[in-house]
Structure formats: structure tokens, C-alpha cells
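# Observations on the three-dimensional arrangement
The primary structure of each chain is shown beneath.
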Amino acid sequence: MARIEAVRGILASAEPGYRAPEGLRSRIDALIDAEAQAAPGPSARRPVERTPEFHPSAGVMAINRNWGGGLATGLALSAALLFALPQLIRSNTEDQLIDSHIRSLSLSSHLTDIATSNRHVVKPWFNGKIDFAPPVPELAAKGFPLVGGRLDYVDGHEAAAIVYRRRLHTINVFVLPAGKLSLPVSMSSKHEGYSVVRWTKNGLAFWAISDIDLADLELFQRTFVSEPSL
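This write-up is about the structure you can find in this document. (Residues numbered from 1 in each chain as written. Predicted model: local features only at pLDDT ≥ 70, side-chain atom pairs only at ≥ 80, totals over all residues. Heavy atoms only, no water.)

## Quick look at the overall build of the protein
For the protein, the helix and strand inventory stands at five helices and nine strands. Helices and strands appear in the protein in the N-to-C order α-α-β-β-α-β-α-β-β-β-β-β-β-α. Within the span of the protein, comprising 230 residues, buried residues form 47% of the whole. Put simply, 64% of the contacts in the protein that link residues at least 6 apart link residues at least 24 apart. For the protein, the accessible area works out to roughly 11,600 Å², and carbon and sulfur atoms hold 54% of it. (Helix = DSSP H or I, 4+ residues; strand = E, 2+ residues; numbered from the N terminus. Buried < 20%, exposed > 50% of the residue type's maximum accessible area, 1.4 Å probe, protein only. Contact = heavy atoms within 4.5 Å. Areas by Shrake-Rupley, 256 points an atom, 1.4 Å probe, with all protein chains shown as cover.)

## Some points on the environment of Phe-132
Mapping Phe-132 onto the fold places it in the loop between helix H4 (119–125) and strand S4 (146–154). Distance in space between the C-alpha atoms of Phe-132 and Ala-160 is 9.1 Å, their sequence separation being 28 residues.

## Comments concerning the pattern of salt bridges
Across all of its chains, the model carries four salt bridges by this definition. Residue Arg-150 pairs with Asp-152 through a salt bridge whose shortest N-O separation is 3.1 Å. Assessed through its relative accessible area of 0%, Arg-150 is described here as buried. Between Arg-166 and Asp-216 there is a salt bridge, with the nearest N and O atoms lying 3.5 Å from each other. Separated by 50 residues along the polypeptide, Arg-166 in strand S5 (residues 157–166) and Asp-216 in helix H5 (residues 214–226) bring together distant segments of the chain. Per residue, the accessibility class of Arg-166 equals that of Asp-216, and both read buried. One salt-bridge network, held together by shared partners, links Arg-166, Arg-167 and Asp-216. (Salt bridge = Lys/Arg side-chain N within 4 Å of Asp/Glu carboxyl O.)

## Some points on the sheet that holds strand S8 (residues 194–201)
In space, the seven strands of this open sheet follow the order S3-S4-S5-S6-S9-S8-S7, with antiparallel pairing throughout. Since the sheet does not close on itself, it has two edges, and those belong to strand S3 (114–115) and strand S7 (187–191), each with one partner. Sitting on the sheet, H5 is in contact with S5, strand S6 (169–177), S7, S8 and strand S9 (204–210), with an inclination near 25° to S8. (Pairing = 2+ DSSP bridges. Axes fitted to C-alpha atoms, helices over the stretch in contact; angles between N-to-C directions.)

## Some remarks on H5
In this model H5 runs 18 Å from its N-terminal to its C-terminal C-alpha over 13 residues, within 8% of the 18 Å that 1.5 Å per residue would give. Of all the positions in H5, only Leu-214, Asp-216, Leu-217, Glu-218, Phe-220, Gln-221, Thr-223 and Phe-224 are classed as buried. (Expected span 1.5 Å × (residues − 1).)

## A few points about the pairing of S9
Counting buried residues in S9 gives seven out of seven residues, a clear majority hidden from the surface. Residues of S9 alternate between two faces, with Leu-204, Phe-206, Ala-208 and Ser-210 on one and Ala-205, Trp-207 and Ile-209 on the opposite face, all of them buried. Inspection of the sheet shows S6 paired to S9 by six bridges, in the antiparallel sense. What sits directly across from Asn-172, in S9, is Ile-209. Pairing geometry for S8 and S9, over seven bridges, is antiparallel. The residue bridging Lys-201 from the neighbouring strand is Leu-204, located in S9. Following S8, the chain reverses through two residues before pairing antiparallel with S9; Asn-202 in that reversal takes a positive phi of roughly 55°.

Limitation: the analysis is restricted to geometry and does not speak to function.
Right, here's the structure in full:
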């Protein structure tokens, strides 16, 4: 219980920056209800009481429950950490990537190292330059034409930057190995006036950054993930 209260304290003090994924609350409620119904009886454990507060626009869940079992406790910690951890670890990396995005727009020669709309050229260009293979889906038909790619650096490590357009706006997609800590859902935020969407897939971490509306960038992320790549 002390661990839950500690995590809830972190959530209460952290400035919200991410949106909670749709349906998270209902999935947690369903699992807790299932555990409560499977309990041996009222004498063996206390009833589950709920007075949840949920703020989907901020990505913060405040749960006030009389937890009874291991499943409920695990769900509480998992849900809390899901939203607390990005608040605690995002600042430095996110700041670096936004700086890289701004720098790529300020220096015309830095936007792309390989300038082409042909993904069959962009993807193999990274071979031998980084030790992972970033996906390069074709999104022009969806309103996000490919511009090219370049090498960039995050925390002193090489990263792939894949560049797309949305009308007159530039979208930088930074790709790097996800490491041991990865998030199972995408996270969206506004940071220093820029829209940021972060997600992980197949062992890679993706950060899409642009000055377009956040809803537009979230559409880009869903399109990027759903389209096949080489």
C-alpha cells in the first residue's frame, strides 16, 4: 500500500504532459471486477470500493480504492508507472530531439543527408551507418510525403531521422533502439510549442516531432504504424 501511495504522490506532483490511451480505465475496471468475483467470499477479503478520478486529457489517473489482492495492486502500480515514468525521464531526451528538429529546419543542409521521396533509396542508405534498420513506410497517398533521411545524435548515440511533410510543415521521425525501458502505448504531448508523439515497436523507439497540430501528428503516427515498410 505504501508503494501505491508513493506512486500516487508522484502522479499528483508531476506536471501532466501525456494523454491516457482510450479504454485504459475500462480495461483495469474489468480485470479488478473479475478478481473480485473470483474471491472466496466476503469474510476472506474486503470488498473493492471505487471512487476513481480520471483525467484523460492530461494522461493522469488518480485511483482511490480499497485494494484487496495481488492482481489489483499490480494493476495499480502498472497504471501509475505507465504515466509517471514518462514524466520523470522525458525531459532531457525530448529537449535534445526538439533542439535537433529546430536545427534541421534552421540549416537547409541539415534537414536531410539523403534527399529523396523514394523509400527504396532512403532505407538502404542507413545500412552500415547504424546498427539497426529503421522502417520507412510510403505515406504520400495518406498526405505525408517522404522527404528523405539523415543521421542524428541522441544522448551521444547515433539515431536515424526520417523526414516527412504535412503540407508546408516538416515532421522529423527520430528512431533509435528502445533499450530495456519501452512503453506499450503511444504518448502524446505539447512541448515548447511543438507536438511530440512517442511510441515503441519491434524493439525501436520512435519520436515524431513537428509544429503541426497534435491531432495531425497523432494521425501521422497511426498511419506510420499501420502502413507496411520495407
